[in-house]
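Descriptive analysis of the structure
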Amino acid sequence: MAAVIPMTENAGARTEIPAKHGEILTGKKTIYTCPMHPQIREGHPGPCPICGMALEPVAGYVAINEENSELSAMTRRFWIGLALTIPVLILSMGGMVPGLHELLQSWGHRSVTWEQFVLSTPVVLWAGWPFFERGGRSLVTRHLNMFTLVAMGTGASYLYSAIATLLPGLFPLSFRKDGIVEVYFEAAAMITVLVLLGQVLELKARAATGAAIKALLGLVPKTARIVRDDGSETDVPLEQVKVGDRLRVRPGEKVPVDGVVLEGQSAVDESMITGEPIPVAKEQKSSVTGATINGTGSFIMKAEKVGNDTLLARIVEMVGSAQRSRAPIQRVADTVSGYFVPVVLACAVLTFLLWSWLGPEPRFAYALVNAVAVLIIACPCALGLATPMSIMVGVGRGAQLGVLVKNAEALERLEKITALAIDKTGTLTEGKPTLTEVATIPGVDEGQLLEWAASVESASEHPLAAAIMTGAAKRKLPQKTVEEFASVTGEGVRGKVDSHRITVGKAELSGASMPADLAKKATDLRKEGQTVFFVGVDDAIAGLLAVTDPVKATTPGAIEALHRLGIRIIMLTGDNIETAQRVAKKLGIDQVEAGATPQKKRDVIQKLTSEGARVAMAGDGVNDAPALAVSDVGIAMGTGTDVAIESAGITLVKGDLGGLVRAIELSRATMKNIRLNLLFAFIYNGVGIPIAAGVLYPFCGLLLSPMVASGAMALSSVSVIANSLRLRRAVLS
């Protein structure tokens, strides 16, 4: 079945087009969205129908070397507009320059005004045409935005000046200074050029927020070397690789797709996926990930996931989706923005009326200039960019560190957690357990018991099941056919082998009483930190299996770092209390909940939440999925099951708690960055609008020129983006 790329969601109807194999990675189709309104998705560049901002390529669907047509167009308009605006400024301000003043006087006021009209017209009507187009659309769609204000401000300045040039006799004395109707072509042209400059700087800065995704996309190799059945080897385009193909990976090459090593060994640099710089040893049966870099060895691998199914493709799509999502804090900016433009329009009208009534002569000229300054300086672009820019950069930074964020809400919630519930197996421990002991009751052969147990466990996905199967394989025990297999979540597994009913797991699963010698043996093993499984045969407990799973080397340091962050740690495990407490004491874990079924894990999370704690849950198995779903933030280990990953808001690619520390630090840094952006945007508009309206004029004679207002408006947006980009260099553990 072909993958589908959503195209348009802004008109109610939803159009979709089929995506070709590997399209996310090759970027054959480019989808465009708005950072402020991620629900908008178009198949072509252009303005957002809601806010008018330039749509930008969606991460994951953009060709790596594709030209940014919006940036090119705005840059061209800026430079041509600037070239025409400079002489307009010279003509309008030349009276202040000795020598030039006399020359302009000799030309006459009327001639100078006409020259300004001729030069400024293409600046305003051609270079600034996108602003009028987007401003007009905002009125039609009733989504008033920054371009509504820009178009009205520049349009009013230019139209007033054009009428004053063409029909000066229409204006009464209240519009004249020394008998002359002053024109403001330089303000209209300069505002247009400065807004264009702001757009160029903003587009360049916004492009930088996708650097992490482009870096990931750039890792994809263009070809793969297929090993044919006859032993010959051929380089083929990556799109032609199919599941099951045997591929040769030579020293220094990139692994083409996800798969498993069949022959050879090497060390692979997986830092671009996990954030860890140390190469990982690979040998037969080791998993390898597409786009990682092979070291000095050579190996043959079998392709298991290609195209959109590879880990890199999933990361790109997950990160792109998270960057387009909206954090709850965005509602603050959305609420303010909904009322902002109408309020600004009202302020501009009020400014015009007050200056027309109370201002000095020429009153109407002052009224127009100050009203335009209010319209220009109040553009809400900085407010709208404050949250999405930080989210885009923060999520991209997380991807580089092996922290995948499912949505912006999870990133915001992670900042506030006070308690962390952790599964033991595969989260605190390696998840690569080994069988250490087999004990039976008298009359039962150890090999036979292990053979039956391993046969039943062969149908289970639990990490400890693999240890039992591996133990049986090392003893060269055959794997029998299992009938009537069933997995009892949180209890164990059962099935029928050689006509015997076999259970493996908790003693209660078999329904039989516990032999005293096995009970004592189990207690001793648990005190050593081992996990014990009881094996039931028909209606009796026939023996036990002991499995040990070493603690990950990174776990102690991560636990210590989490405590420094003020987080209480609770271990939730289906293991027995003796084993769980031994591990907890060794690691300094605050609370232990042993013998936890999926329902009990869920109940513990809900109890902690009801007590006022903000709880995150970290796990990797199917039995962790209910707890992950009810926690404030679910955190899945990338080495875990797909069910756990789908239930979680955060995924740690490498699968250790060191990534969790980085995730929490990233969340706190991102939210701090957002709050700083919002504070800056609110202060800017709160201070700028009164000054532009002329509130300081009665006290110190200070008025804010519309040109200065337009420069300040552009600077505010660029400042917000520049502050967001600081997250790319945030120092995390």
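Along the protein, the regular secondary structure elements total 26 helices and 28 strands. For the protein, the proportion of its 733 residues judged to be buried stands at 53%. Element-wise, carbon and sulfur atoms account for 59% of the exposed surface of the protein, whose accessible area totals about 31100 Å².

Moving on: the packing of aromatic side chains. Evaluated as defined, the whole model comprises 10 aromatic pairs. Ring geometry for Phe117 versus Tyr158: centroids 6.4 Å apart, planes at 20°, classification stacked. Of this pair, Phe117 sits in helix α4 (residues 109-127) while Tyr158 sits in helix α6 (residues 146-166), and the two are 41 residues apart along the sequence. The class of Phe117 is buried, set by a relative accessible area of 16%. One aromatic cluster in this structure is built from Trp114, Phe117, Tyr158 and Phe185. The lysine or arginine in question, Arg77, covers the ring of Trp126, its NZ or CZ lying 5.0 Å from the ring centre.

If you check α6, its first and last C-alpha atoms are 30 Å apart, about what 21 residues at 1.5 Å a residue would give, namely 30 Å. Within α6, 16 of the 21 residues are buried, which leaves it mostly tucked inside the rest of the structure.

What follows concerns the pairing of strand β15 (residues 298-305). Relative to β15, strand β10 (residues 246-249) is paired through four bridges, and the arrangement is antiparallel. Note on β15: the bridge partner recorded for Arg246 is Lys302. Pairing between strand β11 (residues 258-269) and β15: seven bridges, direction antiparallel. Residue pairing across strands places Asp258 opposite Lys305, the latter belonging to β15.

Here the focus is the pairing of strand β17 (residues 419-423). Of all five residues that make up β17, five are buried, and the element is covered over most of its length. What you see with β17 is no split at all: Ala419, Ala421 and Asp423 on one side and Leu420 and Ile422 on the other are buried throughout. Looking at chain direction, β17 and strand β24 (residues 568-572) are connected through five bridges and run parallel. Each residue of the ladder has a partner; that of Asp423, found in β24, is Leu572. As paired elements, β17 and strand β26 (residues 615-619) share four bridges and run parallel to each other. When the bridges of β26 are listed, Ala419 appears paired with Val615.

What follows covers the confidence of the model for the protein. The predicted model of the protein averages 79 in pLDDT, with 81% of residues at 70 or higher. In the model of the protein, strand β1 (residues 3-11) stands out as the element of lowest mean pLDDT, 31, in contrast to β10, which has the highest, 93. Below a pLDDT of 50 lies the segment residues 1-28, which in the model reaches 69 contacts outside its immediate sequence neighbourhood of four places, other chains included.

If you want to describe how two helices pack, look at the angle between their axes and the distance between the axes. α6 packs onto helix α5 (residues 129-141) with a crossing angle of 120° between their chain directions and a minimal axis gap of 8 Å. Regarding the angle of α5 to α6, the classification is oblique. Relative to α6, α5 is oriented so that their crossing is left-handed. When α5 is examined against α6, the residues Phe131, Phe132, Arg134, Gly135, Ser138 and Leu139 are found in contact with a partner set consisting of Phe147, Thr148, Val150, Ala151, Thr154 and Gly155. Residues belonging to the contact of α5 with α6 are distributed by class as follows: six nonpolar, five polar and one charged.

A few words now on the sheet that holds β17. Within the open sheet, the seven strands sit side by side as β16-β28-β27-β26-β17-β24-β25. Their pairing is mixed. Two strands in the sheet have a free side with no partner beyond their single neighbour: β16 (403-405) and β25 (591-593). Each strand of the sheet is rotated relative to its neighbour by a mean of 20°, with strand direction disregarded. Examined bridge by bridge, β24 and β25 share three bridges and lie parallel to one another. Bridge pairing links Leu572 to Glu593 in β25.

Here is what the cut-offs are and how they apply
Residues numbered from 1 in each chain as written. Predicted model: local features only at pLDDT ≥ 70, side-chain atom pairs only at ≥ 80, totals over all residues. Heavy atoms only, no water. Helix = DSSP H or I, 4+ residues; strand = E, 2+ residues; numbered from the N terminus. Buried < 20%, exposed > 50% of the residue type's maximum accessible area, 1.4 Å probe, protein only. Areas by Shrake-Rupley, 256 points an atom, 1.4 Å probe, with all protein chains shown as cover. Phe/Tyr/Trp six-rings, centres within 6.5 Å; stacked < 30°, edge-to-face > 60°. Lys NZ or Arg CZ within 6 Å of the ring centre and 35° of its normal. Expected span 1.5 Å × (residues − 1). Pairing = 2+ DSSP bridges. pLDDT = per-residue confidence, 0-100. Contact = heavy atoms within 4.5 Å. Axes fitted to C-alpha atoms, helices over the stretch in contact; angles between N-to-C directions. Parallel < 35°, antiparallel > 145°, perpendicular 65-115°, else oblique. Left-handed = near helix turned anticlockwise from the far one by under 90°. Nonpolar A, V, L, I, M, F, W, Y, C, P; charged D, E, K, R; others polar.

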